[in-house]
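# Structural characterization, general
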Amino acid sequence: MTARRFLYAFVILAVLHTAWRWDRRAVEHDPGVLVPDAPTQVNLITDPFVFDQFQIMPRAEFDLYARVLSAERYRFDAGARLSPIDLALGWGPMSDQAVLDQVRISQGARWFTMSWKAPPIPPVEMMRHSANMHMIPAEAWVEDALKDARVGDIVQLRGFLVDVTDNEGWSWRTSLSRDDTGGGSCELVFVEYVSLLTDPKLLTRN
């Protein structure tokens, strides 16, 4: 490749990368609570089903609207084939731009963390109104939609909180509470329906 062709290729890649970053930029909103209601769940006693060589045990029907606080993809850990993306989600005060502007949120290793110079609201309220959720897309279009989620989007999810096992004895269990913290506090969500909204005015419950 000549130096000129290399330069052209570099410029094209740089433009594409910049366009991708612009398309993935966070969505900001005016101050105020965007999602007033906590996720809803109805606990179940039912039979497991097989999904992609995993045994899925539904523990609860699950329905939520929430603001996307962070999104992280996974490719190489034990659960990546089943759950390729985690979403950190917030509702109530954790959907308020005025609160989130004062909080730094990050994800990694299937956890999410928050930090701040001074807590804008009591930390216990931040934890009660947010969660890191491991997403199991039921269909390809659901996976595509989940991967399209940007920070600041309002997401609607419907599906089930589930426990998972495989034939080799590996297991992954869901939390059934929004009030717990630490190990085992993340929700494992089998997602059957997802919708993304950038405008909270479009938020309606069916």
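No experiment lies behind these values; they were computed from the predicted model shown. (Residues numbered from 1 in each chain as written. Predicted model: local features only at pLDDT ≥ 70, side-chain atom pairs only at ≥ 80, totals over all residues. Heavy atoms only, no water.)

### Focus: the packing of aromatic side chains
Filter applied, for reference: Aromatic pairing here means that ring centres of Phe, Tyr or Trp (its six-membered ring) are within 6.5 Å. Orientation follows from the plane angle: under 30 degrees is stacked, over 60 is edge-to-face, and everything else is tilted. Helix numbers and strand numbers start at the N terminus; a helix is a DSSP run of H or I with at least 4 residues, a strand a run of E with at least 2. Buried means the residue's accessible area, taken with a 1.4 Å probe over protein chains only, is under 20% of the maximum for its type, while exposed means over 50%, and partly exposed covers the values in between. For a ring to carry a charge above it, either NZ of a lysine or CZ of an arginine must fall within 6 Å of the ring centroid while also lying within 35 degrees of the normal to the ring plane.
Enumeration according to the criterion identifies five aromatic pairs in this entry. Ring centres of Phe51 and Phe190 lie 5.0 Å apart, and the angle between their planes is 90 degrees; on these two criteria the pair is classed as edge-to-face. Of this pair, Phe51 sits in strand E2 (residues 49-51) while Phe190 sits in strand E10 (residues 187-197), and the two are 139 residues apart along the sequence. Where Trp170 meets Trp172, the ring centres are 5.7 Å apart and the plane angle is 55 degrees; that geometry is what we call tilted. Trp170 gets classed as partly exposed once you look at its relative accessible area, which sits at 25%. Each member of the aromatic cluster is reached from another via a ring pair, and the members are Phe49, Phe51 and Phe190. Positioned over the ring face of Tyr74 is Arg110, at 4.0 Å from the centre of the ring.

### Observations concerning the pattern of salt bridges
Heads up, the condition is: A carboxyl oxygen of Asp or Glu within 4 Å of a side-chain nitrogen of Lys or Arg is what we treat as a salt bridge.
For the structure on display, the rule yields eight salt bridges. Between Arg128 and Glu125 there is a salt bridge; the shortest N-O distance is 3.3 Å. Linking Arg128 with Glu125, this pair stays in helix H3 (residues 123-128), spanning three residues, or about one helical turn. A relative accessible area of 25% places Glu125 in the partly exposed class. Across the pair Lys147 and Glu143 runs a salt bridge whose closest N-O atoms are separated by 2.7 Å. You can see Lys147 and its partner Glu143 sitting in helix H4 (residues 140-147), four residues apart, about one turn around the helix. A single salt-bridge network, built from bridges that share partners, covers Arg59, Asp163 and Arg173.

Note that every value here comes from positions in space, so none of it alone points to a role or purpose.
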